[in-house]
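Here is how the chains run, residue by residue.
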Amino acid sequence: MSKVLLISTGGTITMVREKGTEALVPADMETFKAFIPELNAGVFDVDIEAFHPLIDSSDIGPESWKQMAQMVYDHYDAYDGFVILHGTDTMSYSASALSFMLENLGKPVVFTGSQLPVGVLRSDAKENLLTAIEIAAAKDEDGNALVPEVTIYFEDRLFRANRTTKRNAEHFSAFNSYNYPALAKAGVHITYQPHLVHYSDPNEPLVLHTEFDTNVAVLKLFPGIQPSVVRALLRTRGLKGVVLETFGAGNAPSDRWLYKELKAAVDKGIIVVNKTQCNTGSVEMGLYAVSLNLMKAGVLSGYDITTEALLTKMMMLLGEMPERAKELLGKDLCGEMTVD
Ligand code: ASP
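Analysis parameters
- Residues numbered from 1 in each chain as written.
- Predicted model: local features only at pLDDT ≥ 70, side-chain atom pairs only at ≥ 80, totals over all residues.
- Heavy atoms only, no water.
- Phe/Tyr/Trp six-rings, centres within 6.5 Å; stacked < 30°, edge-to-face > 60°.
- Helix = DSSP H or I, 4+ residues; strand = E, 2+ residues; numbered from the N terminus.
- Buried < 20%, exposed > 50% of the residue type's maximum accessible area, 1.4 Å probe, protein only.
- Pairing = 2+ DSSP bridges.
- Contact = heavy atoms within 4.5 Å.
- Axes fitted to C-alpha atoms, helices over the stretch in contact; angles between N-to-C directions.
- Right-handed = clockwise from strand over helix to strand, strands pointing away.
- Salt bridge = Lys/Arg side-chain N within 4 Å of Asp/Glu carboxyl O.
- Core = buried A, V, L, I, M, F, W, Y, C linked by side-chain atoms within 4.5 Å.

Draft legend 1. Spatial organisation of the packing of aromatic side chains. Using the criterion set out here, one finds four aromatic pairs in the structure. With centroids separated by 5.2 Å and ring planes inclined at 65°, the aromatic side chains of Trp 65 and Phe 212 adopt a geometry described as edge-to-face. With Trp 65 in helix H2 (residues 62-74) and Phe 212 in the loop between strand S14 (207-208) and strand S15 (216-220), the pair connects residues that are 147 residues apart, well separated along the chain. Given a relative accessible area of 5%, Trp 65 falls into the buried group. On the basis of relative accessibility, which here comes to 14%, the residue Phe 212 falls in the buried class. A ring pair is formed by Phe 154 and Phe 175, whose centres lie 5.1 Å apart and whose planes are at 65°; its orientation type is edge-to-face. Here Phe 154, found in strand S8 (residues 150-154), pairs with Phe 175, found in strand S11 (residues 175-176); they are 21 residues apart in sequence, far enough to count as distant. Like Phe 175, Phe 154 is buried. Each residue in the set Tyr 76, Tyr 79 and Phe 82 is aromatic and connected to the rest through ring pairs, giving one cluster.

Listed below in structure tokens is the structure:
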């Protein structure tokens with residue numbers, strides 16, 4: 001039987017109604033386990049580690065990413081797979097971050113959570129958790145993990161983590177991967193798509209990256225954006241990287257002032273990457289005249305990457321290997337973007 005380590009960070013999935021007030025509060029692991037008796041039924045071999053205290057995912061950032069990745073790294077040899085319970089709000093950021101932090105990952109790390117707390121009738125917690133464990137434990141007939149990547153399992157789909165975005169605050173299918181197909185679908189059977197999975201070189205050891213430089217910003221363009229706003233952001237002291245959210249296939253207003261501000265930022269050594277505001281599709285710089293200025297200013301293409309993946313990749317590269325950050329932001333590291 002495969003051994004799985006369940007790491008609980010918090011979020012709705014861990015919550016129950018407090019006796020007396022009926023308010024939703026994170027449950028300790030014993031109370032949590034009482035709602036999911038299957039964890040102790042001998043079907044799975046699962047150990048549990050939890051954050052103290054459990055946290056809402058809006059409070060999760062680089063320090064917590066480090067804690068999660070370190071837990072996977074420290075227990076890597078002892079387990080066949082890992083499941084991380086996490087609030088849904090920033091799950092795509094955390095899961096994307098871990099995909100870059102755990103270089104040469106050869107075992108499944110499956111993030112999951114739920115839209116309704118475990119202690120609430122109709123909760124999606126149990127189903128999401130049990131299927132995530134099954135996926136983390138799944139191996140082929142040669143004993144190799146079926147999906148040795150960082151992924152998100154939610155409702156009935158398994159997605160590559162660094163391709164996901166939280167898309168719905170209401171429905172059970174909270175996540176989507178707009179630019180890459182699901183790696184598995186769960187119905188009566190779990191159907192895996194091995195041809196879509198990213199496999200690391202099995203001869204390379206797992207390398208843990210934990211340094212993040214958070215001197216980055218997202219600049220979302222909109223019709224009528226003022227030079228003062230762009231200037232204030234691009235001239236922020238210490239700024240090292242910018243995710244520039246553009247229109248359509250990577251287009252921006254052709255105003256001379258915008259070109260000059262971006263060029264001045266790039267000349268100062270700030271890395272600016274073009275990411276389309278569209279969920280689906282890719283940046284194609286040079287396709288329209290209105291993206292030529294961006295190219296001339298030295299803005300890089302983010303192709304079809306998500307904002308969550310681009311931000312976390314940028315912070316990690318700036319923290320870990322700043323001299324190579326620009327070069328590596330243009331490359332696909334672990335399936336996060338389709339470079340043409
Ligand atoms: N606010 C919660 C969180 O992200 C929501 C959730 O888990 O769905 O921690």
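Once you've had a look at it, read on.
Draft legend 2. Main features of the sheet that holds strand S18 (residues 300-301). Strand order in the open sheet formed by four strands is S15-S16-S17-S18, with parallel pairing between adjacent strands. At either end of the open sheet lies a strand with only one pairing partner, and these are S15 and S18. Of the strand pairs in this sheet, strand S17 (residues 271-276) and S18 are connected by two bridges, and their pairing is parallel. Among the inter-strand pairings, Asn 274 is bridged to a residue of S18, identified as Ser 301. Packing against the sheet, helix H5 (residues 227-234) makes contact with S15 and strand S16 (241-246), and its axis sits at approximately 165° to S15.

Draft legend 3. View of the pairing of S16. The buried fraction of S16 is high, at six of six residues. Residues Gly 241, Val 243 and Glu 245 of S16 are buried on one face, and the alternating residues Val 242, Leu 244 and Thr 246, pointing to the opposite face, are buried as well. With five bridges connecting them, S15 and S16 associate as parallel partners. Across the sheet, residue Val 218 finds its bridge partner in S16, namely Val 243. Between the parallel elements S15 and S16, the chain passes through H5 in a crossover that is right-handed. As defined by bridge partners, S16 adjoins S17 across six bridges and the pair is classed as parallel. If you follow Val 242 over to S17, its bridge partner there is Val 272.

Draft legend 4. Inspection of the pattern of salt bridges at higher detail. As enumerated under the stated definition, the model contains 15 salt bridges in all. Taking the shortest distance from any N to any O, the salt bridge between Asp 213 and Lys 240 comes out at 2.6 Å. Highlighted residues: Asp 213 in the loop between S14 and S15 and Lys 240 in the loop between H5 and S16, separated in sequence by 27 residues. A relative accessible area of 35% means that Lys 240 is categorised as partly exposed.

Draft legend 5. Layout of unusual backbone geometry. With omega at -5°, the peptide bond leading from His 52 into Pro 53 counts as cis. Structurally, the position occupied by Pro 53 is in the loop between strand S4 (45-50) and H2. Of note in this structure, Glu 22 is not a glycine but carries a positive phi near 70°. When you line up the elements, Glu 22 lands in the loop between strand S2 (15-17) and strand S3 (24-26). Phi at Arg 122 is positive, roughly 70°, even though this residue is not glycine. Assignment of secondary structure puts Arg 122 in the loop between strand S7 (109-112) and helix H4 (125-137). On the accessibility criterion, Arg 122 (64% relative accessible area) is exposed.

Draft legend 6. Region of interest: the nonpolar core. Membership of the largest hydrophobic core comes to 54 residues, with the highest contact counts inside it found for Trp 65, Leu 98, Leu 102, Val 109 and Phe 111. Among residues more than four places away in sequence, those in contact with Trp 65 are Ile 60, Tyr 93, Ser 94, Ala 97, Leu 98, Met 101, Phe 212, Thr 312 and Met 315. Counting 34 residues, the second-largest nonpolar core is a separate cluster that includes Val 4, Leu 6, Tyr 153 and Leu 158.

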